[in-house]
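Below are the chains, spelled out letter by letter.
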Amino acid sequence: VLSHNLCTVLNVPHDPVALEEHFRDDDEGPVSNQGYMPYLNKFILEKVQGNFDKVEFNRMCWTLCAKKNLSKSPLLISDEDAFKVWVIFNFLSEDKYPLIIVPEEIEYLLKKLTEAMGAGWQQEQFDHYKIALNTSREGLSAWQLIDLIGSGQFSKGMDRQTVSMAINEVFNELILDVLKQGYMLKKGHKRKNWTERWFVLKPNIISYYVSEDLRDKKGDIMLDGNCCVEALPDKDGKKCLFLIKCLDKSFEISASDKKKKQEWIQAIQTTVNLLRGGNPPPHKEARQKRKELRQKLLAEQEELERQMKELQTANENKQKELETVRKQLEAAAARAAEEEKKRLQTQVELQDRFSLELEREKMVRQKMEEQVAQKSSELEQYLQRVRELEEMYKQLQEALEDEKQARQDEETVRKLQARLLEEESAKRAELEKWHLQQQQTIQMTEAEKQELENQRLIKEQALQVAMQQLEQLELERKEALEQYEEVKKKLETAANNTKSWKDKVAHHEGLIRLIEPGSKNPHLITNWGPAAFTEAELEQRQKSWKGKKATSE
């Protein structure tokens, strides 16, 4: 029965003998879908020529599957409307089994229905529904789509008749290829009278009926690429006229108003342009473009996933490389820490050396202070002797020669003092040499510190993981610098003390007469101080004094 009905609907001759031959070995049980499909493809579908009523074919398929799959819950649409939604689903669904309609096509269909009902499209409501749909499944089956439209979720406030008219309008456009329809007046060819007809525009034909129920068809206007449509001026009391020119015949038509006239002219001209270019109807072309766009997006998404996998693989490789670099950095950090440890050890040794030098400087300073104290006491004695000499000068004014000799002695003392000053200058030069050595050592320490600082700055970019260790080392370095600054301050203090001692010596330079060690003979004390003359000089002076005294007597 199924095979006979299919052959009848598809206008294919039925061959009962071939049917019996094909299913000869299947008498023991029922035939499954997989068992029937080879016969259906070979003996029925391969013989289809395309000259059959697609609506009747869809209605037969609907009869076979609706009772089993259609929801038992009450819907806001009739069975006829559910059938039309089912046919629209088959047109908009994806070309793979099981058939589903993706969210983009659902949105397109709901927008068409909403526009046909004259309502506003609720984009936000559909976005919420789309999010919920994407989280659960890829799309809807035919029966789920019927439940969605029949539930009235996107047609709230609309009555059943309005929804039914909207479904019928979308069905006519998408399935029956009705591009435009409506009542207009047509001028007869024989009697030249004007009669109202219901016109239906399809991709290659304009059919006109007595009424919109499409039962009584009055004729067709065949369209091709050679047809044209043009507006006509008002005449014979008729307005909004336009003319459809074909190869064999022309048709004068009157629309109800100027808007309808312009809409019909534009729709017919668009249809003729599509025929000239060999393009499909707009809704089929739009569906093909949406499908190609989805395929393109899917290909881009797959390419993106492939690139993401490549990036992930590259990232894993980079992670391994970074791990290797991290280990190398840790090793470098360990080496840097070892170098810093050696540097600190060197700095400690330098500090110990500086401490020894400071101790030596301190001992030298103490000795110099003792010498200064001794020289101060000798200065006091010298001043006392000067006062005695002044008294003696008053008493021995006549001893002018002795005074000259005394001046010569003083010149000798000055030479001795100059020699002492030269020795003092030599000592001062030696102290300055020590000071320069200390400055050079400090500069070397500063250069080492600057070099280590530069190395630390260069390595700091690659050693972020070891930053805490470097900060600890930096703290230790600052402490060492503080200790170094303290040592430097102590050196400056010692230098200042030495300078103050030199100033004191310079201040008393006019009064002090430095005494250098005398001979090993017993010291003689005279008015000019101890060891001012030798015994021979003293004997000569005594003889001179005695001679002068005898002469004066």
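Refer to the structure presented above.
Remember, it's a predicted structure, so these values are computed and weren't measured experimentally.

Peer 1: So what exactly am I meant to see when it comes to the packing of helix H6 (residues 103-117) against helix H8 (residues 142-150) here?
Peer 2: In a packed pair of helices, the relevant descriptors are the angle between the two axes and the axis-to-axis distance. Where H6 contacts H8, the axes come no closer than 12 Å and their chain directions differ by 35°. When the axes of H6 and H8 are compared, the crossing they make is right-handed. Between H6, through Ile 106, Leu 109, Leu 110 and Leu 113, and H8, the contact on the second element is made entirely by Leu 145, Leu 148 and Ile 149. Residue composition of the contact of H6 with H8, grouped by class: 7 nonpolar, no polar and no charged.

Peer 1: Looking at this structure, I do not really get the pairing of strand E1 (residues 180-187). What am I missing?
Peer 2: Note on strand geometry: in a regular strand, side chains alternate between the two faces of the sheet. Judged from the 8 bridges that link them, E1 and strand E2 (residues 194-202) form a sheet pairing that is antiparallel. The partner of Gly 182 across the bridge, within E2, is Phe 199. Following E1, the chain reverses through 6 residues before pairing antiparallel with E2; Lys 192 in that reversal takes a positive phi of roughly 55°. Pairing of E1 with strand E7 (residues 250-254), which is carried by 2 bridges, proceeds in the antiparallel orientation. Bridging from a neighbouring strand, Leu 185 pairs with Ser 254 of E7.

Peer 1: Even after reading the chapter, I still don't get a nonpolar patch on the surface, so can you show me in this structure?
Peer 2: Taken together, Leu 304, Met 308 and Leu 311 make up a surface patch of nonpolar side chains, about 310 Å² in accessible area. Take Leu 304: it is sitting in helix H11 (residues 282-395). Leu 304 sits in the partly exposed class, given a relative accessible area of 47%.

Peer 1: Is there a simple way to explain the sheet that holds strand E3 (residues 205-209) in this structure?
Peer 2: Each strand in a sheet pairs with another by means of backbone hydrogen bonds, the pair being arranged parallel or else antiparallel. Pairing in this open sheet of 7 strands is antiparallel, and the strands run E4-E3-E2-E1-E7-E6-E5 from one edge to the other. The open sheet is flanked by strand E4 (217-222) and strand E5 (228-232), the only strands paired with a single partner. Neighbouring strand axes in the sheet, compared pairwise and without regard to direction, differ in orientation by 35° on average. In the sheet, strand E6 (residues 241-245) pairs with E7 via 5 bridges, with the strands oriented antiparallel. Counterpart to Lys 245 in the pairing with E7 is Ser 250.

Peer 1: When you look at H6 in this model, what are you seeing that I'm missing?
Peer 2: Taking 1.5 Å of rise per residue, the 15 residues of H6 would be expected to cover 21 Å, and the 21 Å separating its terminal C-alpha atoms lies within 8% of that figure. With 11 of 15 residues buried, H6 lies mostly within the body of the structure. Buried within H6 are the following residues: Pro 103, Glu 105, Ile 106, Glu 107, Tyr 108, Leu 109, Leu 110, Lys 112, Leu 113, Thr 114 and Met 117. Backbone geometry just downstream of H6 places Gly 118 in the positive-phi region, at approximately 75°.

Peer 1: Please clarify how the nonpolar core should be interpreted in this entry.
Peer 2: One broad rule of soluble globular proteins: the nonpolar side chains tend to lie buried together. Ranked by size, the top nonpolar core spans 39 residues in total, and within it Trp 62, Trp 86, Leu 92, Ile 106, Leu 109, Ile 146 and Ile 149 carry the most contacts. Mapped by element, the contributors of at least two residues to this core are helix H4 (54-69), helix H5 (79-92), H6, helix H7 (123-136), H8 and helix H9 (160-174). Here this core gets 9 residues from one element, more than from any other, and that element is H5. In this structure, Phe 199, Ile 206, Cys 246 and Ile 253 belong to the second largest nonpolar core, which totals 21 residues.

Peer 1: Looking at this structure, I do not really get the pattern of salt bridges. What am I missing?
Peer 2: Where charged atoms of side chains with opposite charge meet at close range, the side chains can pair. Tallied over the entire structure, the rule returns 21 salt bridges. With a closest N to O distance of 2.8 Å, Lys 112 and Glu 173 form a salt bridge. Placement of the pair is Lys 112 in helix H6 and Glu 173 in helix H9, with a sequence separation of 61 residues. Overall, Lys 112 belongs to the buried group, its relative accessible area being 17%. Across the pair Lys 375 and Glu 378 runs a salt bridge, and its minimum N-O distance is 3.9 Å. Here Glu 378 and Lys 375 lie together in helix H11, a separation of 3 residues that amounts to about one turn.

Conventions used here
Residues numbered from 1 in each chain as written. Predicted model: local features only at pLDDT ≥ 70, side-chain atom pairs only at ≥ 80, totals over all residues. Heavy atoms only, no water. Axes fitted to C-alpha atoms, helices over the stretch in contact; angles between N-to-C directions. Helix = DSSP H or I, 4+ residues; strand = E, 2+ residues; numbered from the N terminus. Left-handed = near helix turned anticlockwise from the far one by under 90°. Contact = heavy atoms within 4.5 Å. Nonpolar A, V, L, I, M, F, W, Y, C, P; charged D, E, K, R; others polar. Pairing = 2+ DSSP bridges. Patch = residues over 30% accessible without salt bridge, like charges linked within 9 Å, V, L, I, M, F, W, Y side chains within 5 Å. Areas by Shrake-Rupley, 256 points an atom, 1.4 Å probe, with all protein chains shown as cover. Salt bridge = Lys/Arg side-chain N within 4 Å of Asp/Glu carboxyl O. Buried < 20%, exposed > 50% of the residue type's maximum accessible area, 1.4 Å probe, protein only. Expected span 1.5 Å × (residues − 1). Core = buried A, V, L, I, M, F, W, Y, C linked by side-chain atoms within 4.5 Å.

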